[in-house]
Amino acid sequence: MGSKFSSTREIYQELAKGNITAVEAIHALKVMQSSPANVAVDRLESVPSDNAKEELAKLIGLKNVKNLVREIEAFAKIQRVRQQLGLKSESLVLHMIFKGNPGTGKTTVARIFGQLFKELEVLNKGHVVEVERADLVGEYIGHTAQRTREQVKKAVGGILFIDEAYSLARGGEKDFGKEAIDTLVKAMEDHKDEIILILAGYRREMEQFLRINPGLSSRFPIILDFPDYSLSELIQIAELMLSQREYSLTSSAQNCLFSLLKNLGDNYDENRGNARLVRNIIERAIRQQAVRLVASGPLNREKLQVITEGDIKAATEETSAQMFNRWQAERR
Amino acid sequence: MHKCLIVGKPNVGKTAFLLSFSRYLGLAQVELRVRTSDGSIHAKRRSIDCAYTELVGPVPHITQELQSVVLELPVGKGRRSFELVDSSGIMDGIHASPVVRAAMAQTLEAVTAAKVIIHILDAAAIGLLGLSEGVGVIDRDLAEYAQQQGEYFLLANKMDLAGAQRGLQIITKAFTQVQTFPVSALTMEGFKEVKRHVARVI
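Now for a quick tour of the structure. Everything numeric here is computed off the predicted structure, so don't read it as measured data.

## Let's talk about the overall build of chain B
So, point 1. Regarding its fold elements, chain B presents 8 helices and 8 strands.
So, point 2. Split into buried and exposed, the 202 residues of chain B put 52% on the buried side.
So, point 3. Put simply, 71% of the contacts in chain B that link residues at least 6 apart link residues at least 24 apart.
So, point 4. Looking at chain B as shown, the accessible area adds up to about 9,000 Å², and 52% of this sits on carbon and sulfur atoms.

## Concerning the overall build of chain A
So, point 1. Helix and strand counts for chain A stand at 16 helices and 7 strands.
So, point 2. Counting contacts in chain A only where the partners sit at least 6 residues apart, residues at least 24 apart contribute 73% of the total.
So, point 3. For chain A, the accessible surface area stands at approximately 18,000 Å², while carbon and sulfur atoms represent 50% of it.

## Some remarks on the interface of chain B and chain A
So, point 1. At the junction of the two partners, chain B supplies 21 residues and chain A supplies 17 residues.
So, point 2. Taking both sides of the interface into account, the surface hidden between chain B and chain A amounts to around 1,600 Å²; carbon and sulfur atoms contribute 63%.
So, point 3. At the junction of chain B with chain A, the criterion picks out 3 salt bridges.
So, point 4. Where chain B packs against chain A, one counts 5 residue pairs in polar contact (both at pLDDT 80 or more).

## Brief notes about the sheet that holds strand β2 (residues 128-131) of chain A
The strands making up a sheet are joined through hydrogen bonds of the backbone, oriented either antiparallel or parallel.
Residues and elements named next belong to chain A.
So, point 1. Pairing is parallel across the open sheet formed by 5 strands, whose spatial order is β2-β3-β4-β1-β5. Both outer strands of the open sheet, β2 and β5 (222-226), are each paired with one neighbouring strand and no more. This sheet shows a mean twist of 20° between the axes of neighbouring strands, independent of strand direction.
So, point 2. Of the pairings in the sheet, the one linking strand β3 (residues 159-162) to strand β4 (residues 196-201) comprises 4 bridges and is parallel in character. What sits directly across from Phe161, in β4, is Ile198.
So, point 3. Here helix α5 (residues 63-84) sits on the sheet and contacts β1 (96-100) and β5; the angle it forms with β5, its principal contact strand, is near 150°.

## Considering the packing of helix α8 (residues 143-155) of chain A against helix α9 (residues 177-190) of chain A
All names here are of chain A.
So, point 1. Viewed as axis vectors pointing N to C, α8 and α9 meet at an angle of 40°, and their least axial separation amounts to 9 Å. Considering their axes alone, α8 and α9 lie oblique with respect to each other. Seen from above, α8 lies across α9 with right-handed handedness. Only Glu179, Ala180, Thr183, Leu184 and Ala187 of α9 make contact with α8, whose side of the interface consists of Thr144, Ala145, Thr148, Arg149 and Val152.
So, point 2. Classifying every residue of the contact of α8 with α9 gives 5 nonpolar, 3 polar and 2 charged.

## What to know about helix α1 (residues 8-17) of chain A
All names here are of chain A.
So, point 1. Buried residues of α1: Ile11, Tyr12, Glu14 and Leu15, and no others. Angularly, the buried residues of α1 cover 160° about the axis, an arc narrow enough to put them on a single face.
So, point 2. At the exit of α1 stands Gly18, carrying a positive phi of roughly 90°.

## Some remarks on the packing of aromatic side chains
Residues and elements named next belong to chain B.
So, point 1. In the structure shown here, the tally under the stated rule is 11 aromatic pairs over all chains.
So, point 2. Centroid distance Phe17 to Phe191: 5.4 Å. Interplanar angle 75°. Geometry classified as edge-to-face. With Phe17 in helix α1 (residues 14-24) and Phe191 in helix α8 (residues 191-201), this residue pair connects regions lying 174 residues apart in the sequence. The residues Phe17 and Phe191 share a single accessibility class, namely buried.
So, point 3. Measuring from centroid to centroid gives 5.5 Å for Tyr24 and Phe191, while their planes differ by 85°, and the two rings are edge-to-face. Of the two residues, Tyr24 sits in helix α1 while Phe191 sits in helix α8, which places them 167 residues apart along the sequence.

## Details of a nonpolar patch on the surface
Residue and element names in this part refer to chain A.
So, point 1. Together, Val81, Leu85 and Leu87 line one region of the surface with nonpolar side chains, adding up to about 300 Å² of accessible area.
So, point 2. Among the secondary structure elements, Leu87 is positioned in the loop between α5 and β1.
So, point 3. On the basis of relative accessibility, which here comes to 48%, the residue Leu87 falls in the partly exposed class.

## Considering α5 of chain A
All names here are of chain A.
So, point 1. Spanning 22 residues, α5 covers 32 Å between terminal C-alpha atoms, matching the ideal 32 Å at 1.5 Å per step.
So, point 2. Where α5 is buried, its residues meet α4 (52-58), β1, α6 (106-119) and β5.
So, point 3. Where α5 ends, the next residue or the one after it, Gly86, has phi of about 80°, a positive value.

## Concerning unusual backbone geometry
Glycine aside, the phi torsion of most residues is negative, and most peptide linkages are trans.
So, point 1. Phi angles above zero are rare outside glycine, and Leu62 of chain A is one such case at about 55°.
So, point 2. Within the secondary structure, Leu62 of chain A is located in the loop between α4 and α5.
So, point 3. Its identity as a non-glycine residue notwithstanding, His61 of chain B has a phi of 60°, on the positive side.
So, point 4. Take His61 of chain B: it is sitting in the loop between α2 (48-55) and β4 (66-75).

## Section: the environment of Ala200 of chain A
Residue and element names in this part refer to chain A.
So, point 1. Tracing the backbone shows Ala200 in strand β4.
So, point 2. As for Ala200 and Asp163, which are separated by 37 residues in sequence, their C-alpha atoms are 4.9 Å apart.
So, point 3. Dropping the residues within four chain positions of it, Ala200 is found in contact with Phe98, Lys106, Phe161, Ile162, Asp163, Glu164, Ala165 and Met206.

## Focus on the nonpolar core
So, point 1. Phe98, Phe113, Phe117 and Leu257 of chain A are the most contacted members of the largest nonpolar core, which totals 51 residues.
So, point 2. Per-domain counts for this core show at least three residues from each of domain 2 (50-226) and domain 3 (231-331) of chain A.
So, point 3. Here Phe117 of chain A is in contact with Ile72, Leu94, Met96, Val122, Leu123, Ile159 and Ile196 of chain A, once residues within four sequence places are set aside.
So, point 4. Among the nonpolar cores identified, the runner-up in size contains 45 residues, and Leu15 of chain A together with Ala123, Leu142 and Ala143 of chain B belong to it.

Rules of the game
Residues numbered from 1 in each chain as written. Chains lettered and ligands numbered in written order. Predicted model: local features only at pLDDT ≥ 70, side-chain atom pairs only at ≥ 80, totals over all residues. Heavy atoms only, no water. Helix = DSSP H or I, 4+ residues; strand = E, 2+ residues; numbered from the N terminus. Buried < 20%, exposed > 50% of the residue type's maximum accessible area, 1.4 Å probe, protein only. Contact = heavy atoms within 4.5 Å. Areas by Shrake-Rupley, 256 points an atom, 1.4 Å probe, with all protein chains shown as cover. Buried area = accessible area lost by both parts, 1.4 Å probe. Salt bridge = Lys/Arg side-chain N within 4 Å of Asp/Glu carboxyl O. Polar contact = N/O pair within 3.5 Å; in protein donor to acceptor, adjacent residues only side chain to side chain. Pairing = 2+ DSSP bridges. Axes fitted to C-alpha atoms, helices over the stretch in contact; angles between N-to-C directions. Parallel < 35°, antiparallel > 145°, perpendicular 65-115°, else oblique. Left-handed = near helix turned anticlockwise from the far one by under 90°. Nonpolar A, V, L, I, M, F, W, Y, C, P; charged D, E, K, R; others polar. Arc of directions from axis to C-beta. Phe/Tyr/Trp six-rings, centres within 6.5 Å; stacked < 30°, edge-to-face > 60°. Patch = residues over 30% accessible without salt bridge, like charges linked within 9 Å, V, L, I, M, F, W, Y side chains within 5 Å. Expected span 1.5 Å × (residues − 1). Core = buried A, V, L, I, M, F, W, Y, C linked by side-chain atoms within 4.5 Å. Domains from an automatic or database assignment.

Structure, rendered in structure tokens:
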């Protein structure tokens, strides 16, 4: 009886149509309520608001990030106890640098950190302000400091996340990016306990950026490397994404996805280990499945969940064409 | 505003309780918000006497939609308003009329949205028929389901009729876990306790 209906809506409709009695409907509703699928959905929905750690634990790989979180958590706890017992407690400098290729989880982790640090009472608001060069650098002399300070002000109590931070150092001596960096450094000292600054960017560029600005790296005690995902991690990510959305792959679709990711990794260096690419493929496959199902006959619970080899192929034809275009454009 | 839903089999006195309880709380006329199973809403204003003759009667399934009244109760130092919602009766079997079936589906759906669920039983009928007939499968299942959804309690209605005392005994024996209030929608007997309890749970 448990799997007979896919939603409570369906039960109400069946009752209204006269296909089931009220007693049967109530039974079905009760079953629906206690079925694990619903429980899982409830849990998913409640996570972001109340447990960032669980959210983090759900991310595949990223072992160094998880270790760091454990350290910070322990430190924050101990500091709190020290404070209670009247011992000196140190405030923790948590400015960070995230290095890694696109799609390796930098932004995702930053967003979770905001919530997490709020839960650990390291930050009082825990919001994440995501900015890039254009938000910080101004158009005329003196404008930059003003704009940067504005962003810093917005981020007080939370995280200021600067994506592609190395671009602040590009453009040479006269570039306003330098002014932005100086303002940031000042702000880091002024709001030491109220703000966490995260600079993120590609590995090579970030390393160069820090070399050029030696004062910076000493101010960022935490440097996190986001390695490319391995092939098996990418598969795990795909499976997690699908199961969270209540879809599943047929075994031939699994094989198809595997060889596809392997090929991409071999051929396009930059996108190797890119989780965003996987997400795009999965989301496109889900849309392809919808297109296929709309055209097909009657639907059932199983059909709605299964993603076939055809869906994956249709989804990736588009992707690889797009990727080829981009690759060519970059070569030019 | 919290919803307080009245459920039960047909002809146990759900609508009678709605109107009578409104009168007990000091209203002379009610503004009924009627929500039909196809989703349309309209309001009608009636004096309680007038509504009583129009909406209450011996024929089952006079109420084929959700109809509600906004009431106020003193809670603590202030007053709190809540929506008392009357629903179409739930019965076992497949009813011949599609309108009634849709109304039953609507009732079950409303159960999930309600904060408080008042389940009414006909104590007189249960007293007359005995345990096996009176407290049917539907009442047991409904009770079990509704208890998971929110605050839940029973009203043993029609206590003014002969045989209701015996019915009440049967009911309390069948639903040992649930708080049961003997009432009569006709004479307003037992309303004081119900009022106090509702004020506590909304």
